[in-house]
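Listed here are the chains, written in short residue letters.
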Amino acid sequence: MDATLVLGQQGRLVIPAEVRSALGLSAGDRLHLHLTGRRLVLESSQDAAAELRGLAASVPASRSLVDELLAERRRAAIDE
């Protein structure tokens, strides 16, 4: 499905009714917007969270990203 949107004077976009209906969106729903290059990507908060969980799924449970970050920060502090 394709749609052309017009940016309003106050920077507002209206998502066409057929698109809202197809995605199950209603007034008050929160959407996450991020830039990918020069593209705007809108997604539901649930989809954004699922994507982040998917990225983290490849990290082995035995690996501590917190410990790695702390070690990196300690090394940086020593180098300063």
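Just so it is clear, the structure is predicted and the values come from calculations on it, not from any experiment.

### Considerations on a nonpolar patch on the surface
- A grouping of Leu31, Leu33, Leu35, Leu40 and Leu42 is seen on the molecular surface, where their side chains present a nonpolar patch of about 480 Å² in accessible area.
- Of the residues forming the nonpolar patch, the biggest block, 3 residues, is contributed by strand E1 (residues 31-36).
- Within the secondary structure layout, Leu42 lies in strand E2 (residues 39-44).
- Given a relative accessible area of 46%, Leu42 falls into the partly exposed group.

### Brief notes about the pairing of E1
- With 6 bridges joining them, E1 and E2 adopt antiparallel strand pairing. Within E2, the position partnered with His34 by the bridge is Val41.
- Hairpin remark: E1 followed by E2, antiparallel, with 2 residues in the connecting loop; positive phi at Gly37, about 65°.

The rules we used
Residues numbered from 1 in each chain as written. Predicted model: local features only at pLDDT ≥ 70, side-chain atom pairs only at ≥ 80, totals over all residues. Heavy atoms only, no water. Patch = residues over 30% accessible without salt bridge, like charges linked within 9 Å, V, L, I, M, F, W, Y side chains within 5 Å. Areas by Shrake-Rupley, 256 points an atom, 1.4 Å probe, with all protein chains shown as cover. Salt bridge = Lys/Arg side-chain N within 4 Å of Asp/Glu carboxyl O. Helix = DSSP H or I, 4+ residues; strand = E, 2+ residues; numbered from the N terminus. Buried < 20%, exposed > 50% of the residue type's maximum accessible area, 1.4 Å probe, protein only. Pairing = 2+ DSSP bridges.

Function cannot be read off these values alone, since they describe shape.
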